[in-house]
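Read off the chains here:
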Amino acid sequence: MNTFEVFKLYPIAIESAKGMELTDTEGKKYLDLYGGHGVISIGHCQEDYVKGLKAQLDKIGFYSNSVRIPFQEELAVKLQKLSGYDDYKLFLVNSGAEANENALKLASFYTNRSKVIAFRKAFHGRTSLAVAVTDSPAIQAPINKTDKVLWADLNDIESVKAVMDNDVAAVIIEGIQGVGGVKIPTDDFLRQLRELCTANGSLLIVDEIQCGYGRTGKFFYHQYSGIKADIISMAKGIANGFPVGAIMINPEIPAKFGMLGTTFGGNHLGCMAAILTADVMMKNNYVANAAKMGDYLFGKLKGHKAIKDLRGKGLMVGIETVADAAEIRNKLLFDEHIFTGFSGGVNTIRLIPPLCITEKEIDRFVEAFDKVTNNA
Ligand SMILES: Cc1ncc(COP(=O)(O)O)c(C=O)c1O
């Protein structure tokens with residue numbers, strides 16, 4: 001049987017990894033500034049993480065939510081500490097799309113309303129509701145198309161007001177648009193959005209799946225604006241590669257038995273992966289490191305003549321290049337052995353590296369970027 005080919009693949013197979021480095025089947029080493037799509041937060045094969053997961057596997061890997069899984073409570077306390085969201089509730093799932101799916105469904109249950117406002121260029125995942133609020137017609141099948149989603153423009157509060165009505169259950173927004181090209185909502189816009197949602201009885205869902213978990217130098221990007229969301233969705237970095245997703249939920253939203261559910265979500269091994277990741281994050285203060293290393297990288301790239309626009313915060317970096325970004329990215333990978341990400345629509349190289357990055361690796365990237373853009 002062959003695989004169903006929906007991914008455009010690089011002709012590289014990764015065999016092992018450590019920290020910021022990947023090694024392929026031919027023994028070639030690569031610097032990982034992509035983290036497998038922003039997933040690797042504490043570095044590949046981090047020692048405590050590997051040791052803890054192995055030990056957990058020897059005890060129990062899985063049981064379902066029909067029994068109490070105390071690790072879920074332990075994880076909730078750690079996420080509370082990391083995020084500062086003191087009294088929120090935690091619901092665990094298996095991916096980013098599933099987190100958004102549950103966030104939207106919960107908002108609809110709670111408000112008894114059926115519409116949602118989303119933003120142009122947004123990406124929220126590929127399952128039915130998540131893809132319906134994703135602004136990418138090419139990945140929406142006819143069955144996903146719905147008139148329940150109303151579209152507005154990022155940083156244009158009037159465009160949100162224009163479509164807001166009393167059947168809007170929620171507004172969903174990425175903390176920073178990732179796939180859309182590292183586009184940032186302003187603090188003022190987020191505050192206005194918060195006020196508008198409250199006034200209209202709609203929930204504010206912030207998707208922190210790519211930009212959250214410490215990546216921008218605060219645990220969640222929207223915390224720079226001082227607002228609180230009603231539901232926050234997370235995934236990617238939360239368990240350093242183990243498939244875990246989560247939503248954090250405003251305590252005013254009551255839980256009812258059966259309203260949400262999952263077979264795999266919150267299982268022993270997944271929780272342990274997230275607990276170990278949180279422990280390593282806290283021990284090494286990686287949120288602060290993301291802020292520091294982000295400043296260092298932005299300082300190095302500012303004013304670079306090959307860059308048309310430099311966007312982002314901390315370790316979520318969008319480099320819109322003057323020349324073709326896809327070509328620069330290929331040279332970075334095949335000539336300089338550096339993995340980066342990409343946002344094709346806006347000619348932007350996207351860096352979403354592990355949060356344990358150091359100045360040494362940033363210097364290596366800047367040197368390589370100089371070289372491939374001929375700025376040496
Ligand atoms: C902001 C955002 N939301 C949701 C998702 C979907 O996450 P997953 O691929 O885990 O379903 C992604 C994935 O790239 C994302 O970047």
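Digging into the packing of helix α2 (residues 47–59) against helix α8 (residues 268–284)
Line of reasoning, step 1. With their axes 9 Å apart at the nearest point, α2 and α8 run at an angle of 155 degrees to one another. Of the possible angle classes, the one that applies to α2 and α8 is roughly antiparallel. You can see that α2 and α8 cross each other, and the crossing is right-handed. Along its contact with α2, which presents Asp-48, Tyr-49, Gly-52, Leu-53, Gln-56 and Leu-57, the element α8 presents His-268, Leu-269, Met-272, Ala-273, Leu-276, Thr-277, Val-280 and Lys-283.
Line of reasoning, step 2. Here the residues of the contact of α2 with α8 sort into 8 nonpolar, 4 polar and 2 charged.

Some points on the domain arrangement of the chain
Line of reasoning, step 1. Domain boundaries in the chain define domain 1 (14–46 + 285–374) and domain 2 (48–284).
Line of reasoning, step 2. Just the C-alpha atoms count here: the centres of domain 1 and domain 2 sit 25 Å apart.
Line of reasoning, step 3. Each partner contributes residues to the interface: domain 1 has 29 residues there, and domain 2 has 33 residues.
Line of reasoning, step 4. Summed over both sides, the interface between domain 1 and domain 2 buries roughly 2600 Å², with carbon and sulfur atoms accounting for 60% of that surface.
Line of reasoning, step 5. Applying the counting criterion to the domain 1 and domain 2 interface returns 20 residue pairs in polar contact (both at pLDDT 80 or more).
Line of reasoning, step 6. Mapped by element, the contributors of at least two residues to the side of domain 1 that touches domain 2 are α1 (35–38), α9 (286–301), β11 (307–313), β12 (316–321) and β15 (348–351).
Line of reasoning, step 7. Per-element accounting of the side of domain 1 that touches domain 2 gives the leading share, 4 residues, to α9.
Line of reasoning, step 8. Along the lines of polarity and charge, the residues of the side of domain 1 that touches domain 2 split into 15 nonpolar, 11 polar and 3 charged.

Side note on the sheet that holds strand β8 (residues 203–207)
Pairing between the strands of a sheet comes from backbone hydrogen bonds, and it takes one of two forms, parallel or antiparallel.
Line of reasoning, step 1. With mixed pairing, the 7 strands of this open sheet are ordered in space as β4-β10-β9-β8-β7-β5-β6. Of all strands in the sheet, those bounded by a partner on one side alone are β4 (89–93) and β6 (149–152). Direction aside, the axes of adjacent strands within the sheet are offset by 20 degrees on average.
Line of reasoning, step 2. Two elements, β8 and strand β9 (residues 231–234), share 3 bridges in a ladder whose sense is parallel. Within the sheet, the bridge partner assigned to Asp-207 lies in β9 and is Ser-233.
Line of reasoning, step 3. The sheet contacts of helix α4 (residues 96–111) involve β4, β5 (115–119), β7 (168–174), β8, β9 and β10 (245–249), and relative to β8 the element is tilted by about 175 degrees.

Some words on the site of the ligand
Line of reasoning, step 1. For the ligand, the set of nearby residues contains 13 residues, the closest of which are Gly-96, Ala-97, Asp-207, Gln-210 and Lys-236.
Line of reasoning, step 2. Measuring from an oxygen atom of the ligand, one finds a side-chain N or O atom of His-37 at 3.2 Å.
Line of reasoning, step 3. Between the ligand and Asp-207, the relevant distance is 2.7 Å, taken from a nitrogen atom to a side-chain nitrogen or oxygen of the residue.
Line of reasoning, step 4. Relative to its unbound accessible surface of 390 Å², the ligand loses 82% to contact with the protein.
Line of reasoning, step 5. For the shell around the ligand, the element with the most residues is α4, which contributes 3 residues.

What to know about α8
Residue pairs three or four apart in sequence face the same way in an α-helix, which turns once every 3.6 residues.
Line of reasoning, step 1. The end-to-end C-alpha separation of α8 is 24 Å, in line with the 24 Å expected for 17 residues at 1.5 Å each.
Line of reasoning, step 2. With 13 of 17 residues buried, α8 lies mostly within the body of the structure.
Line of reasoning, step 3. At the N-terminal end of α8, a side-chain oxygen is found 3.1 Å from the backbone nitrogen of Leu-269, two or three residues along, and the residue is Asn-267.
Line of reasoning, step 4. Asn-285, located one to two residues past α8, shows a positive phi value of around 50 degrees.

With respect to the pattern of salt bridges
Line of reasoning, step 1. Within the structure shown, the criterion is met by 14 salt bridges.
Line of reasoning, step 2. The salt bridge involving Arg-311 is made with Asp-309; its shortest N-O contact spans 2.9 Å.

As for the side chain of Thr-277
Line of reasoning, step 1. Among the secondary structure elements, Thr-277 is positioned in helix α8.
Line of reasoning, step 2. For Thr-277, a relative accessible area of 0% gives the class buried.
Line of reasoning, step 3. In this structure Thr-277 touches Ser-41, Ile-42, Tyr-49, Tyr-213, Gly-237, Ile-238, Ala-239 and Asn-240, once residues within four positions along its chain are discounted.

Conventions we followed
Residues numbered from 1 in each chain as written. Predicted model: local features only at pLDDT ≥ 70, side-chain atom pairs only at ≥ 80, totals over all residues. Heavy atoms only, no water. Axes fitted to C-alpha atoms, helices over the stretch in contact; angles between N-to-C directions. Helix = DSSP H or I, 4+ residues; strand = E, 2+ residues; numbered from the N terminus. Parallel < 35°, antiparallel > 145°, perpendicular 65-115°, else oblique. Left-handed = near helix turned anticlockwise from the far one by under 90°. Contact = heavy atoms within 4.5 Å. Nonpolar A, V, L, I, M, F, W, Y, C, P; charged D, E, K, R; others polar. Domains from an automatic or database assignment. Buried area = accessible area lost by both parts, 1.4 Å probe. Polar contact = N/O pair within 3.5 Å; in protein donor to acceptor, adjacent residues only side chain to side chain. Pairing = 2+ DSSP bridges. Near = heavy atom within 4 Å. Areas by Shrake-Rupley, 256 points an atom, 1.4 Å probe, with all protein chains shown as cover. Expected span 1.5 Å × (residues − 1). Buried < 20%, exposed > 50% of the residue type's maximum accessible area, 1.4 Å probe, protein only. Salt bridge = Lys/Arg side-chain N within 4 Å of Asp/Glu carboxyl O.

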